[in-house]
Amino acid sequence: MDIVVGVSGGIAAYKSVALVRLLIKAGHEVTVVPTEDALRFVGAPTWEAISRNPVTTSVHDDVARVRHVALGQGADLVVVAPATANTIARMAAGIADNLLGTTLLATTAPVVVAPAMHAEMWQHPATQANIRTLRERGVRIVGPADGELAGGDSGPGRMSEPEEIAEAALAALAPQDLAGLTAAVSAGGTREPIDPVRFLGNRSSGRQGVAIAREAADRGAEVTLVAANIGADVLADAAHPRIRVVPAATAADVAEAMGTAARTADVIVMAAAVADYRPATAAAQKLTKEGGALERIELVENEDVVAGLAAVRSSGGAPAGQTIVAFAAETLPDPAERLARARRKRERKGVDLLAVNHADADHGFERADNAVEIVGADGAVVASAAGSKRDVAAALWDAILAARP
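Calculation rules
Residues numbered from 1 in each chain as written. Predicted model: local features only at pLDDT ≥ 70, side-chain atom pairs only at ≥ 80, totals over all residues. Heavy atoms only, no water. Salt bridge = Lys/Arg side-chain N within 4 Å of Asp/Glu carboxyl O. Helix = DSSP H or I, 4+ residues; strand = E, 2+ residues; numbered from the N terminus. Buried < 20%, exposed > 50% of the residue type's maximum accessible area, 1.4 Å probe, protein only. Contact = heavy atoms within 4.5 Å. Axes fitted to C-alpha atoms, helices over the stretch in contact; angles between N-to-C directions. Parallel < 35°, antiparallel > 145°, perpendicular 65-115°, else oblique. Left-handed = near helix turned anticlockwise from the far one by under 90°. Pairing = 2+ DSSP bridges. Expected span 1.5 Å × (residues − 1). Core = buried A, V, L, I, M, F, W, Y, C linked by side-chain atoms within 4.5 Å. Patch = residues over 30% accessible without salt bridge, like charges linked within 9 Å, V, L, I, M, F, W, Y side chains within 5 Å. Areas by Shrake-Rupley, 256 points an atom, 1.4 Å probe, with all protein chains shown as cover. UniProt positions renumbered as here; feature names shortened; annotations may be inferred.

For the protein, the name recorded in an unreviewed UniProt entry is Coenzyme A biosynthesis bifunctional protein CoaBC, with Microbacterium resistens as its organism.

*Asks:* In this structure, what is going on with the pattern of salt bridges? I would like to understand it.
*Replies:* Opposite charge on two side chains lets them pair, provided their charged atoms get close. Inspection of the entire model under this criterion finds 18 salt bridges. Aspartate 218 serves as the salt-bridge partner of arginine 214, at 3.2 Å between the closest nitrogen and oxygen. Here aspartate 218 and arginine 214 lie together in helix H9 (residues 207-218), a separation of 4 residues that amounts to about one turn. Relative accessible area serves as the criterion here: at 3%, arginine 214 is assigned to the buried category.

*Asks:* Would you explain the side chain of serine 160 in this entry?
*Replies:* Assignment of secondary structure puts serine 160 in the loop between strand E7 (154-158) and helix H8 (162-171). Residue serine 160 is classed as buried on the basis of its relative accessible area, which comes to 2%. Among all residues touching serine 160, those that are not within four sequence positions of it are Lys15, Val142, Gly143, Pro144, Ala145 and Ile165.

*Asks:* Sorry if this is basic, but what is going on with the side chain of threonine 224 here?
*Replies:* Mapped onto the elements, threonine 224 comes out in strand E11 (residues 222-228). In this structure threonine 224 touches Ala183, Ala184, Val185, Arg244, Val246 and Ala261, once residues within four positions along its chain are discounted.

*Asks:* I would appreciate a short explanation of the packing of H9 against helix H14 (residues 389-403) in the present structure.
*Replies:* When two helices pack together, their arrangement is given by the angle between the helix axes and by the axis-to-axis distance. At a closest axis distance of 8 Å, the pairing of H9 and H14 adopts a crossing angle of 55°. Our classification of the angle between H9 and H14 gives oblique. The hand of the H9/H14 crossing is right-handed. Contact residues: H9 offers Arg207, Gln208, Ala211, Ile212, Arg214, Glu215, Ala216 and Asp218, while H14 offers Lys389, Arg390, Val392, Ala393, Ala394, Leu396 and Trp397.

*Asks:* In this structure, what is going on with the pairing of strand E4 (residues 111-115)? I would like to understand it.
*Replies:* The side chains of a regular strand alternate between the sheet's two faces. With respect to burial, E4 is a largely interior element, 5 of its 5 residues being buried. Burial along E4 is two-sided: Val111, Val113 and Pro115 and Val112 and Ala114, pointing in opposite directions, are all buried. Strand direction decides the pairing type here: strand E3 (residues 77-83) and E4, joined by 4 bridges, are parallel. Bridging across to E4, valine 78 finds its partner in valine 111. Pairing of E4 with strand E5 (residues 140-141), which is carried by 2 bridges, proceeds in the parallel orientation. When the sheet's bridge partners are listed, valine 112 is paired in E5 with arginine 140.

*Asks:* I would appreciate a short explanation of the sheet that holds E5 in the present structure.
*Replies:* The strands that make up a sheet are held in pairs by hydrogen bonds between backbone atoms, and each pair lies either parallel or antiparallel. Spatially, the 5 strands line up as an open sheet ordered E2-E1-E3-E4-E5, and their pairing is parallel. Sheet topology places strand E2 (29-34) and E5 at the edges, where each strand pairs with a single neighbour. Against the sheet, H8 makes contact with E3, E4 and E5, and its axis sits at roughly 155° relative to E3, the strand it touches most.

*Asks:* How should I be thinking about H9 in this particular structure?
*Replies:* Owing to its 3.6 residues per turn, the α-helix aligns residues three or four sequence positions apart on the same side. With 12 residues, H9 should cover 16 Å at 1.5 Å per step; its first-to-last C-alpha distance of 16 Å lies within 8% of that length. Counting buried positions along H9 yields 11 of 12 residues, so the element is predominantly enclosed. Within the sequence span of H9, burial applies to Gln208, Gly209, Val210, Ala211, Ile212, Ala213, Arg214, Glu215, Ala216, Ala217 and Asp218. Directly beyond the C-terminal end of H9, a positive phi value near 105° is found at glycine 220.

*Asks:* Please clarify how the nonpolar core should be interpreted in this entry.
*Replies:* Grouped together as the largest cluster of nonpolar side chains are 37 residues, with contacts concentrated most on Ile212, Val223, Val269, Leu396 and Trp397. Counting residues per element, this core draws most heavily on H14, at 7 residues. Apart from residues lying up to four places away in sequence, isoleucine 212 is in contact with Val185, Val269, Ala271, Phe327, Ala393, Leu396 and Trp397. Among the nonpolar cores identified, the runner-up in size contains 31 residues, and Ala81, Ala116, Ile165 and Ala168 belong to it.

*Asks:* Would you take a moment to explain a nonpolar patch on the surface for this structure?
*Replies:* Residues Tyr277, Leu294, Ile297 and Leu299 make up a contiguous nonpolar surface patch of roughly 330 Å² in combined accessible area. Assignment of secondary structure puts leucine 294 in the loop between strand E14 (277-279) and strand E15 (299-301). By relative accessible area, leucine 294 is classed as partly exposed at 30%.

*Asks:* Can you walk me through the UniProt feature "binding site: CTP" (unreviewed entry) in the protein in this structure?
*Replies:* Look at the UniProt record and you will see "binding site: CTP" (unreviewed entry) annotated at Asp276, Lys286, Phe327, Lys345 and Lys349. These annotated residues cover 74 residues of sequence, and their C-alpha atoms sit far apart, with the largest distance between any two at 37.0 Å. If you trace the backbone, aspartate 276 turns up in the loop between strand E13 (267-270) and E14. Those residues in contact with aspartate 276 that lie beyond four places of it in its chain are Val300, Glu301 and Asn302. Its place among the elements puts phenylalanine 327 in strand E16 (residues 323-330). Non-local contacts of phenylalanine 327, meaning those with residues more than four positions away in its chain, are made with Gln208, Ile212, Val269, Met270, Ala271, Ala355, Asn357 and Leu396.

In structure tokens form, the structure reads like this:
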């Protein structure tokens, strides 16, 4: 693949040398397009030596080839790292007064942006508005991280590490093998109210479900994401032209939203951690210790949302060939026992695939990584995956495609 790496003028430019190296090691052809300010931090000879391609900042070089347009037209992917507040503003406004700007306007390839700036600049309403604009256009934003910044400052604005940017860049090159499919994905954890300030909930951050939705959209699917109590930082990765987000709070909300989406969905993925029980009544006022109101809370069982969706499908109320996937978090250390329970759950719920994920100190809830085995209709493990939640999402969609009629 032909990848253009745009580098703007920030101290984080030195980290992009490693990024270019990673992309080349992955087998891609890389052309670096720095701004004039970027060359104050890392010079052209370094970029040329690493990329093995000539480097220029001018739209007037290689005029016969119309280089200022040809770079963007020929790119399979454009990565901008670091992207300063100035460069982000120019991208949002469509300003093209340098080679990087013209390249970005001339490309129809996926664009990945890794912001890097001081915390105050990142948090400024103008920068946040520009980021929203880019996301609405389908640009993938990676980071920024929270950490040490230039000048001894600290906070959000540090450029993500080259490995994370490279992973996002390569994910943007995903095949469009889900084009034409519609998917309904649930994510997050439900909260069942006890009173106006308390609830029964769980530790699900929604990261796995959001990764599943984003993977599907990147591969061409139209996605409805039912988001149950997901933090804004996690939900930001769901900003994509092919993802529609429907907020939900309780198990009943998830059931209603997923039921609506399922009427037209080719694939259903229930990744949300839905509460099994809820308080029989939710107090209108805050309960207090006085009188023992908190000592005993009566619970009633919630609807099994995914089993309900499978029942609707069985009755003919879903699109032909609809595929339903359930998730089950397990803490059982014995793999055989864990898989036996997963097989029973899959059969009881009536779903096509069940992904059993390990909820332990290193995987699952509130962790960056996950590990799953995917059980198919005959009880066999049709796939397994371990690594980042985006890696798991990719493996899951591969298994879904293989299971579809």
